[in-house]
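Structure at a glance
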Amino acid sequence: MRDFLPEEAHLMKFIEDKARRVAQLYGYKEVITPVVESYELLSAKAGEEVRSRMFVFKDLGGRDVALRPEFTASVARLVATVLRNEAKPLRLFCVGSIYRYDEPQRGRYREFWQSNYELIGSTKPEADAEILLLTDSLMKGAGLLSCAFKIGHVGVLRGIFDQEGIKDDAQSRAMQLMDKKQYDDAFRVIRETGMTARGLQTLERLVQLRGKDVKGVAKEMKDCVRDYGKAVSAVENLEEILELVSRSRTTLDVTVEAGFARGLEYYTGMIVEVYVPDLNIALGGGGRYDRLIELFGGEPTPAVGIAHGIDRIMLGLQEQKTALKVEEEKSVVIVPISPSLIGDALRLAQLLRTGGVHVEVEAMRRKTSKALEDANRKGVDFAVIVGEKELKEDAVALRDLRKREQKAVKIEKLVETIRQV
Ligand code: AMP
């Protein structure tokens with residue numbers, strides 16, 4: 001797990017702010033859930049890949065608990081319990097740290113941050129389309145020049161598996177292997193289930209289908225799965241979602257990938273991952289999970305959601321060398337010229353802060369020249385030098401550290417003068 005020094009911490013908070021802003025723009029309300037939850041809850045539907053990487057321990061009460069490896073289980077818990085009577089649709093947002101015992105490498109950490117959006121209560125394609133649009137808003141809002149969406153539909157593979165009578169656990173194992181692009185192993189698992197030759201041929205052809213021509217790929221997919229009714233409906237659902245995105249007049253760079261699978265077990269519909277060029281790791285991932293809330297004891301409730309990796313958005317920005325557009329506030333250091341004036345320095349600092357000015361007070365009792373030298377080095381804009389003589393006149397010396405100019409300013413005019421320069 002890493003430390004974030006001020007510059008990185010600042011970038012991280014900047015992205016978090018953008019994520020909150022997108023939540024507001026799209027009507028998502030923030031909830032804050034605990035970092036530690038019961039192991040049973042977190043592991044119930046996480047999928048083997050995530051489950052095996054959880055930080056699990058016994059608390060002092062002897063309960064099996066874990067650090068959250070994702071937000072969705074916690075949100076599902078809320079929707080199944082305290083929020084069960086809330087009117088639908090419910091739009092919920094969370095942002096915070098996530099823990100997985102992954103192999104640390106560039107863009108892969110054991111503690112990382114996610115922004116997470118869930119739209120709960122709608123089965124309709126406009127809900128899936130909204131998740132794609134808000135992701136695009138976040139990536140662009142954070143300053144990424146471009147991002148690309150990889151989109152698939154779990155219902156296509158599951159439709160074939162179900163009709164072929166393949167058991168759920170074998171389906172999940174095969175899809176986890178496909179998620180890791182281990183197609184040979186996936187097909188070995190599928191063959192062992194005794195799938196028919198027709199089913200195998202369909203799957204082999206299907207996993208080759210991908211492309212940016214959404215309509216063209218969808219047509220080929222439908223042709224490929226034409227004998228499997230549920231799989232055909234899944235492709236039609238995907239087409240509807242992407243048609244709505246296109247009619248919103250938002251241009252998304254979409255690649256449809258028929259054999260796309262995701263490690264988490266609970267997806268039931270569209271699945272998505274977001275990338276930026278030059279960075280071969282996903283910046284976000286999610287999809288539709290219509291049965292999860294029911295599994296946590298709630299009413300049958302459809303839902304669709306996405307989680308974005310804040311650390312990876314940060315990497316994407318660093319990769320692009322995008323300079324942060326930070327609103328520059330004026331900064332001030334207050335230097336009392338003798339220890340007897342420290343109280344006055346603190347009083348003036350509070351006055352400036354009330355006026356919204358960023359203030360540091362000299363805290364080491366250094367000579368004025370030393371304190372000013374230090375302020376110069378740090379790029380502070382102004383020094384307020386507090387001296388007996390000026391105070392008697394209700395004034396201080398205001399020094400513009402960039403221009404190296406100094407003048408006496410009445411205390412009542414200080415905030416205004418600093419703001420105007
Ligand atoms: P997932 O829940 O696995 O789909 O993850 C959603 C997003 O979280 C991914 O697209 C990444 O951006 C981010 N993410 C997942 N695992 C890690 C990790 N170990 N380190 C940093 N970011 C991660």
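A quick note: this is a predicted structure, and the numbers were derived from the prediction, not measured. (Residues numbered from 1 in each chain as written. Predicted model: local features only at pLDDT ≥ 70, side-chain atom pairs only at ≥ 80, totals over all residues. Heavy atoms only, no water.)

A few words on the pattern of salt bridges. Under the criterion given, the structure shown has 35 salt bridges. Taking the shortest distance from any N to any O, the salt bridge between arginine 288 and aspartate 128 comes out at 2.8 Å. In this pair, arginine 288 sits in strand 11 (residues 279-288) while aspartate 128 sits in helix 5 (residues 125-142), placing the two residues 160 residues apart along the sequence. Owing to a relative accessible area of 0%, aspartate 128 belongs among the buried residues under this scheme. Salt bridges sharing partners connect three or more residues here, namely Glu49, Arg53, Asp102, Arg108 and Lys180. (Salt bridge = Lys/Arg side-chain N within 4 Å of Asp/Glu carboxyl O. Helix = DSSP H or I, 4+ residues; strand = E, 2+ residues; numbered from the N terminus. Buried < 20%, exposed > 50% of the residue type's maximum accessible area, 1.4 Å probe, protein only.)

Within the structure, the ligand sits among 15 residues, and Arg100, Asp102, Tyr109, Arg262 and Ala282 are positioned closest to it. Taking leucine 283, its main chain carries an N or O atom lying 3.3 Å from an oxygen atom of the ligand. Separating an oxygen atom of the ligand from a backbone N or O atom of glycine 284 is a distance of 3.1 Å. Protein chains shield 92% of the accessible area of the ligand, which is 480 Å² for the free molecule. (Near = heavy atom within 4 Å. Polar contact = N/O pair within 3.5 Å; in protein donor to acceptor, adjacent residues only side chain to side chain. Areas by Shrake-Rupley, 256 points an atom, 1.4 Å probe, with all protein chains shown as cover.)

The next thing to look at is the layout of surface pockets. By volume, the largest pocket amounts to about 1,000 Å³. Together, 49 residues line the largest pocket, and Arg100, Arg108, Arg262, Glu273 and Arg312 are the ones closest to its centre. Broken down by element, the lining of the largest pocket gets its largest block of residues, seven residues, from strand 11. Of the residues that constitute the lining of the largest pocket, the class distribution is 19 nonpolar, 13 polar and 17 charged. Around the second largest pocket sit 25 residues that line it, and Arg158, Tyr267, Thr268, Gly269 and Arg291 are the ones nearest its centre. (1 Å grid on protein atoms, 1.4 Å probe; cavity = no way out; pocket = protein on both sides within 12 Å on 5 of 7 lines; lining within 4 Å. Points joined across faces, edges and corners; volume = space filled by probe spheres on them. Nonpolar A, V, L, I, M, F, W, Y, C, P; charged D, E, K, R; others polar.)

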